[in-house]
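Examining the three-dimensional arrangement
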Amino acid sequence: MTWFVESPWPSLMLGVVLEVILAIALVRTGRGAIIGAMVVVFAMTVGMVILERMIVTEAEEVEDSLDRVAAALVANDSPAVLACFSPQCPRLAELRSILSRVTVRVATIGGDLEVRPNHLTQPPSAICYFTGHVEAKDSRGQIPYEHMVRKFKVTLRKEGGRWLIADYSEAEPRRLRSP
């Protein structure tokens, strides 16, 4: 039942459906008690939406971490980007080199983001699959494309209360969908 704390839409849809049913019942029966039930359903729907906004799940924390990386890339803030990576990330040197020579105009995470938390690892980890869109200019001209859309697989670990990127790669196409 995590969908009620991951998104406001299930609560809103349930509230709307119940309100429509109660409105039909009110028109057919004319009973005033149904108005009270409609007020209660409305209040519960608002409460569930507020509760959804207050509860931050691990998947939302991971998504926020990825959004911070994208925002730092667009701001061309290399220290902020590197702060989102684990010091043990094997591709950190390569990333530093790339960041030193590119100017990023656009960096977005597609709507296909899939977060798979793993509580069995120590520290906890998560694997994310998504389509990334980057528009960047290479000052040395070594990267021939300015507009790139790629499928990514990103592994994050929770270190010191923060989700940090432990590794990343282009995802294998067959691994993008859940088994």
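Chains are numbered independently. Their residues run from 1 in the order of the written sequence. The predicted origin of the model limits local features to residues at a pLDDT of at least 70 and limits the giving and counting of side-chain atom pairs to 80 or more, whereas totals for whole chains, interfaces and linings rest on all residues. With hydrogens and water stripped out, all remaining heavy atoms of the structure feed into the side-chain values.

**Comments concerning helix α4 (residues 58–74)**
Strands here mean DSSP runs of E at least two residues long; helices mean DSSP runs of H or I at least four residues long; both are numbered from the N terminus. In a helix, the anticipated span is given by 1.5 Å times the number of residues less one. With 17 residues, α4 ought to run about 24 Å at 1.5 Å a step, and its terminal C-alpha atoms sit 25 Å apart, in line with that. Three exposure classes are used, based on accessible area relative to the maximum for each residue type with a 1.4 Å probe and protein chains only: buried under 20%, partly exposed in between, and exposed over 50%. Within α4, burial applies to A59, E60, V62, S65, L66, V69, A70, A72 and L73. Once α4 ends, the next one or two residues include N76, with phi positive near 55°.

**So, a nonpolar patch on the surface**
A patch consists of residues whose relative accessible area exceeds 30% and which take part in no salt bridge; residues with like charges are grouped when within 9 Å of each other, and nonpolar side chains (Val, Leu, Ile, Met, Phe, Trp, Tyr) when within 5 Å. Residue burial considers only the protein chains on display, and all accessible areas are found by Shrake-Rupley using a 1.4 Å probe. Just to be clear on terms, a salt bridge is a Lys or Arg side-chain nitrogen sitting within 4 Å of an Asp or Glu carboxyl oxygen. A cluster of nonpolar residues, F42, V46, I50, L51, M54 and I55, forms a patch on the protein surface that exposes about 570 Å² of accessible area. Checked against the element boundaries, I50 lands in helix α3 (residues 33–54).

**A short note on a negative patch on the surface**
This count recognises Lys and Arg as positive and Asp and Glu as negative, with His and chain-terminal groups excluded. Taken as the charge centre is NZ of Lys, CZ of Arg, CG of Asp or CD of Glu, depending on the residue. A surface patch of like charges, here negative, comprises E6, E63, D64 and D67. When residues of the negative patch are assigned to their parent elements, the largest contribution, 3 residues, is made by α4. Within the secondary structure layout, E63 lies in helix α4. Note on E63: relative accessible area 36%, which makes it partly exposed.

**Comments concerning helix α6 (residues 92–101)**
Looking at α6, one finds that the buried residues are L92, L95, L99 and R101. Packing partners of the buried residues in α6 comprise α4, α5 (78–83), β1 (102–109), β3 (125–138) and β5 (162–170). Whether two residues are in contact is decided by their heavy atoms: any pair within 4.5 Å suffices.

**Description of the packing of aromatic side chains**
Note on aromatic contacts: the rings of Phe and Tyr and the six-membered ring of Trp form a pair at centre separations within 6.5 Å, being stacked when their planes are under 30 degrees apart, edge-to-face when over 60 apart, and tilted otherwise. A complete count under the given rule lists 2 aromatic pairs for this structure. When the centroid spacing of 6.0 Å and the interplanar angle of 75° are considered together, the rings of F85 and Y168 count as edge-to-face. Of the two residues, F85 sits in the loop between α5 and α6 while Y168 sits in strand β5, which places them 83 residues apart along the sequence. As far as the burial class goes, F85 and Y168 line up, both buried.

**Brief notes about the packing of helix α2 (residues 9–29) against α3**
As a packed pair, α2 and α3 sit with axes 9 Å apart at the nearest point and diverge in direction by 175°. Of the possible angle classes, the one that applies to α2 and α3 is roughly antiparallel. When α2 is examined against α3, the residues S11, L12, G15, L18, E19, L22, A23, A25, L26 and T29 are found in contact with a partner set consisting of I34, I35, A37, M38, V41, F42, T45, M48 and V49. Any residue that is not Ala, Val, Leu, Ile, Met, Phe, Trp, Tyr, Cys, Pro, Asp, Glu, Lys or Arg is counted as polar, Gly included; the first ten are nonpolar and the last four charged. Among the residues making up the contact of α2 with α3, the classes are represented as 14 nonpolar, 4 polar and 1 charged. Interaxial angle, 0 to 180 degrees, is taken between N-to-C directions of lines fitted to C-alpha atoms, where a helix line uses only the stretch in contact. Note on angle classes: values under 35 degrees are labelled roughly parallel, values over 145 roughly antiparallel, values of 65 to 115 roughly perpendicular, and the remainder oblique.

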